[in-house]
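# What the coordinates show
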Amino acid sequence: TQASSSLNTFNGCPIDFYVDGSARQLDADLSGIDASISVSAYEDEDTIKIKHDDTLLTLNVTVAKSTSLGCHIMVQVTLPGLF
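All of these numbers come straight from a predicted model, not from anything done at the bench.

### Concerning the overall build of the protein chain
When its secondary structure is counted, the protein chain shows 0 helices and 8 strands. When the 83 residues of the protein chain are sorted by exposure, 20% land in the buried category. In the protein chain, the share of contacts with a sequence separation of at least 24, taken over all contacts with a separation of at least 6, comes to 21%. For the protein chain, the exposed area adds up to about 5900 Å²; of that, 50% sits on carbon and sulfur atoms.

### Some words on a nonpolar patch on the surface
Judged by side-chain polarity, Ile73, Val75, Val77 and Leu79 come together as a nonpolar surface patch covering roughly 370 Å² of accessible area. By the secondary structure assignment, Val77 is in strand E8 (residues 70-78).

### Side note on the nonpolar core
Formed by Phe10, Cys13, Ile15, Phe17, Val19, Leu26, Leu30, Ile33, Ile48, Ile50, Val61 and Val63, the largest nonpolar core amounts to 12 residues. When residues of this core are traced back to their parent elements, those giving at least two are strand E2 (13-15), strand E3 (17-19), strand E6 (47-52) and strand E7 (58-66). Residues within four places of Ile48 in sequence aside, it is in contact with Phe10, Ile15, Leu26, Val39, Ser40, Ala41, Leu59, Asn60, Val61 and Val63.

### Focus on unusual backbone geometry
The backbone phi angle of Asn11 is positive, close to 55°, even though this residue is not glycine. Relative to the elements of secondary structure, Asn11 occurs in the loop between strand E1 (8-10) and E2. Residue class for Asn11 comes out partly exposed when judged on its relative accessible area of 23%. The backbone phi angle of Leu56 is positive, close to 70°, even though this residue is not glycine. Here Leu56 shows up in the loop between E6 and E7. Assessed through its relative accessible area of 42%, Leu56 is described here as partly exposed.

### Thoughts on the environment of Gln25
Locating Gln25 in the fold gives a position in the loop between strand E4 (22-24) and strand E5 (37-42). Note: C-alpha distance between Gln25 and Asn8 (17 residues apart in sequence) is 6.0 Å.

Parameters at a glance
- Every chain begins its residue count from 1, and numbering advances along the sequence as written.
- Per-residue local features of the predicted model are confined to residues with pLDDT of at least 70, and side-chain atom pairs are confined, for both listing and counting, to 80 or more; whole-chain, interface and lining totals are unaffected and use all residues.
- Working from all heavy atoms in the structure, the side-chain values ignore hydrogens and water.
- Elements are defined by DSSP. Helices are runs of H or I of four residues or more, strands are runs of E of two residues or more, and each kind is numbered from the N terminus.
- For the exposure calls, accessible area comes from a 1.4 Å probe over protein chains only, and a residue counts as buried if that area is under 20% of its type's maximum, exposed if over 50%, partly exposed in between.
- Pairs of residues are marked as contacts when any of their non-hydrogen atoms sit within 4.5 Å.
- Under the convention used here, a 1.4 Å probe and the Shrake-Rupley method define accessible areas, while residue burial counts only the protein chains that appear.
- Exposure above 30% relative accessible area and the absence of a salt bridge qualify a residue for a patch, where like charges join within 9 Å and nonpolar side chains (Val, Leu, Ile, Met, Phe, Trp, Tyr) within 5 Å.
- Salt bridge, as used here: a side-chain nitrogen of Lys or Arg that lies within 4 Å of a carboxyl oxygen of Asp or Glu.
- What we call a nonpolar core is a set of buried Ala, Val, Leu, Ile, Met, Phe, Trp, Tyr and Cys residues that are connected through their side-chain atoms within 4.5 Å.

By themselves, these observations are geometric and do not establish any function.
Encoded structure:
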């Protein structure tokens, strides 16, 4: 088993999260960046929700782990009606 160098482990999987090219923890304070981004990690739902508050672009990232396939993610992108 290889050791993970990720800052985050979510649902048993290493997750890399970058903002403006810098690695961040999912629960990091993001108030000092140019864009307003909200991150909510719901491990009981296996979902990470990322929202760009200015444009309302939303990413729902479902993280799953299986014994045969390892870690895999499904990303759902939602664009606002007037994007």
